[in-house]
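# Observations on the model geometry
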Amino acid sequence: MTEFWLISAPGEKTCQQTWDIMMAATTRTNNLSTNHKFNIPDLKVGTLDVLVGLSDELAKLDSFVESVVKKVAQYMADVLEDSRDKVQENLLANGVDLVTYITRFQWDMAKYPIKQSLKNIAEIISKQVTQIDNDLKTRASAYNNLKGNLQNLERKNAGSLLTRILFLWIAYNDWHKTYETLAEMVVPRSSHLLFEDNDSGLFSVTLFMKAIDDFKHKARENKFTVRDFRYNEEEMKADKDEMTRLSTDKKKQFGPLVRWLKVNFSEAFITWIHIKALRVFVESVLRYGLPVNFQAMLLQPSKKTVKKLREVLNDLYKHLDSSAAAIIDSAMDIPGLNLSQQEYYPYVYYKIDCNLLDFKV
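Bear in mind the structure is a predicted one, so any value in this text is a computation, not a measurement.

For the protein, the helix and strand inventory stands at ten helices and eight strands. Intrachain contacts of the protein at a sequence separation of at least 6 include 78% that bridge at least 24 residues. Surface summary for the protein: the accessible area is close to 19800 Å², and the carbon and sulfur share equals 51%.

Next up, the structure:
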């Protein structure tokens, strides 16, 4: 699984003791998860009112930044087209894979100085990611327009024969069996596939001029769509020159665009994990009080151990919030009640899902 649980619990006599107790409960006898300490520096606490307001703001910022991270990742996949198997190797954070970055997380003191208030740090992150989002829209629009214009010209110039036939994929076999008998004077074996996309194919066929009307009529009866093609040498040359220009422009833009996506994916992902750290800090102070004394921990469960791990953590920390523990206990006995949608537990908890693409590479 590429899912992590970022949790915190109050320090016992020491934070190391909190860590040791959690490790004993989750790994020493049952191997429920792979665990790492998650290092959060001594951030400025501020007032209670500010923390309460910031908690809501960070929740919204978290969702926004996650959406930008996913958009950049998905557009990387779209741009790489036939090389989608190379997407994952381009989705790095600080030059390392995402799992390595998360499990070895270190706060970036240069970008987010801890002497600044939490609110200021959140604003720095918000401005940074908003800029990435805006730049992505601009760059994607320009590249998509170029790509779309090139594809339109390629479709238009997919062949230079007298008649073109365009029809749905499901008709491919029917077409090959049928086209020679749709009318008289169709040249045998003259049909060729010129172009295809996700839902259609473009074929040429050669026949005598006086058979065209009859051929069109019979083709439509068989649910084939017919388009005439008239040869125009000047227009063909102009289109070919335009296709060459667009193709050259696309190649020129491809490299810089991929580099921009790599750099800004890294930036966006890094800010996202810093937001998670901010949320754990703020929520831990609000729940466990002052002075600041908690241990942040990163757990990576396997699919088979998710339910058992929840039960173990609930037993371990139910004394922190008896009302939440009671709700979870009762929910475990009620079929169909998915409490995880609420994601409130006796301990501080945030999920980090590194599966950022809507397809498997």
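Here we take up unusual backbone geometry. Note the cis peptide between L290 and P291, where omega equals -5°. Residues other than glycine seldom take positive phi values, yet M185 does so here, at roughly 65°. Within the secondary structure, M185 sits in the loop between α6 (172-178) and β4 (192-196). Owing to a relative accessible area of 34%, M185 belongs among the partly exposed residues under this scheme. Positive phi, close to 55°, is recorded for R189, a residue that is not glycine. By the secondary structure assignment, R189 is in the loop between α6 and β4.

A few words on the packing of aromatic side chains. Counted by the stated rule, this structure contains eleven aromatic pairs. Ring geometry for F38 and F105: centres 4.7 Å apart, planes at 0°, overall stacked. A residue pair is termed long-range when its members are at least 10 positions apart, and F38 in the loop between β2 (33-37) and α2 (48-80) and F105 in the loop between α4 (98-103) and α5 (118-156) qualify at 67 residues. The same class applies to F38 as to F105, namely buried. Their ring planes at 70° and their centres at 6.2 Å tell us that W107 and Y112 sit as a pair that is edge-to-face. The residues W107 and Y112 share a single accessibility class, namely buried.

The subject of this paragraph is the confidence of the model for the protein. Mean pLDDT over the protein stands at 84; residues scoring 70 or higher make up 84%. Throughout residues 159-170 the model reports pLDDT below 50, and contacts reaching past four residues in sequence, or to other chains, amount to 60 contacts. Below pLDDT 50 for its whole length, residues 334-341 participates in five contacts with residues either more than four positions away or in separate chains.

Moving on: the pattern of salt bridges. Counting across every chain of the model gives eleven salt bridges. Between E66 and K70 there is a salt bridge; the shortest N-O distance is 3.2 Å. Residue E66 and its partner K70 are located together in helix α2, separated by four residues, close to a single helical turn. A salt bridge links E283 to R287; its shortest N-O distance comes to 3.3 Å. A residue pair is termed a helical-turn pair when its members lie 3 or 4 positions apart in one helix, as E283 and R287 do in helix α8 (residues 233-288) at four residues. On the accessibility criterion, E283 (16% relative accessible area) is buried. What makes R287 partly exposed here is its relative accessible area of 26%. Overlapping salt bridges, with partners in common, bring together D62, K276 and R279 in one network.

An ideal rise of 1.5 Å per residue puts 16 Å on twelve residues; helix α9 (residues 306-317) measures up with 16 Å between its terminal C-alpha atoms. Buried within α9 are the following residues: L309, R310, V312, L313, N314, L316 and Y317.

Attention now goes to the side chain of S266. Here S266 shows up in helix α8. Given the relative accessible area of 11%, S266 is considered buried. Excluding anything up to four places from it in sequence, S266 contacts L92, A93 and N94.

Here the focus is the nonpolar core. Of all hydrophobic cores here, the largest spans 83 residues; its most connected members are I7, I40, L261, F265, F269, I273 and Y317. A per-element tally of this core places α8 first, with 18 residues. Listed in part, the 14 residues of the second largest apolar core include A183, L207, I212 and A219.

Time to look at the side chain of S284. Tracing the backbone shows S284 in helix α8. Under the relative-accessibility criterion, S284 is labelled buried at 1%. Separated by 2.6 Å, the side chain of S284 and the backbone oxygen of V280 make a polar contact.

Moving on: the sheet that holds strand β7 (residues 294-301). Spatially, the four strands line up as an open sheet ordered β2-β7-β1-β8, and their pairing is antiparallel. Lying at the two open borders of the sheet, with one neighbouring strand each, are β2 and β8 (348-353). The sheet shows a mean angle of 25° between the axes of neighbouring strands, taken without regard to direction. Here strand β1 (residues 3-10) runs beside β7; their pairing, made up of six bridges, is antiparallel. Within β7, the position partnered with P10 by the bridge is F294.

This brings us to the environment of V186. Here V186 shows up in the loop between α6 and β4. For V186 and T206, which are 20 residues apart along the polypeptide, the C-alpha to C-alpha distance reads 6.3 Å. With residues up to four places along the chain from it excluded, the contact list for V186 reads Y179, E180, V205, T206, L207 and F215.

Parameters at a glance
- Residues numbered from 1 in each chain as written.
- Predicted model: local features only at pLDDT ≥ 70, side-chain atom pairs only at ≥ 80, totals over all residues.
- Heavy atoms only, no water.
- Helix = DSSP H or I, 4+ residues; strand = E, 2+ residues; numbered from the N terminus.
- Contact = heavy atoms within 4.5 Å.
- Areas by Shrake-Rupley, 256 points an atom, 1.4 Å probe, with all protein chains shown as cover.
- Buried < 20%, exposed > 50% of the residue type's maximum accessible area, 1.4 Å probe, protein only.
- Phe/Tyr/Trp six-rings, centres within 6.5 Å; stacked < 30°, edge-to-face > 60°.
- pLDDT = per-residue confidence, 0-100.
- Salt bridge = Lys/Arg side-chain N within 4 Å of Asp/Glu carboxyl O.
- Expected span 1.5 Å × (residues − 1).
- Core = buried A, V, L, I, M, F, W, Y, C linked by side-chain atoms within 4.5 Å.
- Polar contact = N/O pair within 3.5 Å; in protein donor to acceptor, adjacent residues only side chain to side chain.
- Pairing = 2+ DSSP bridges.
- Axes fitted to C-alpha atoms, helices over the stretch in contact; angles between N-to-C directions.

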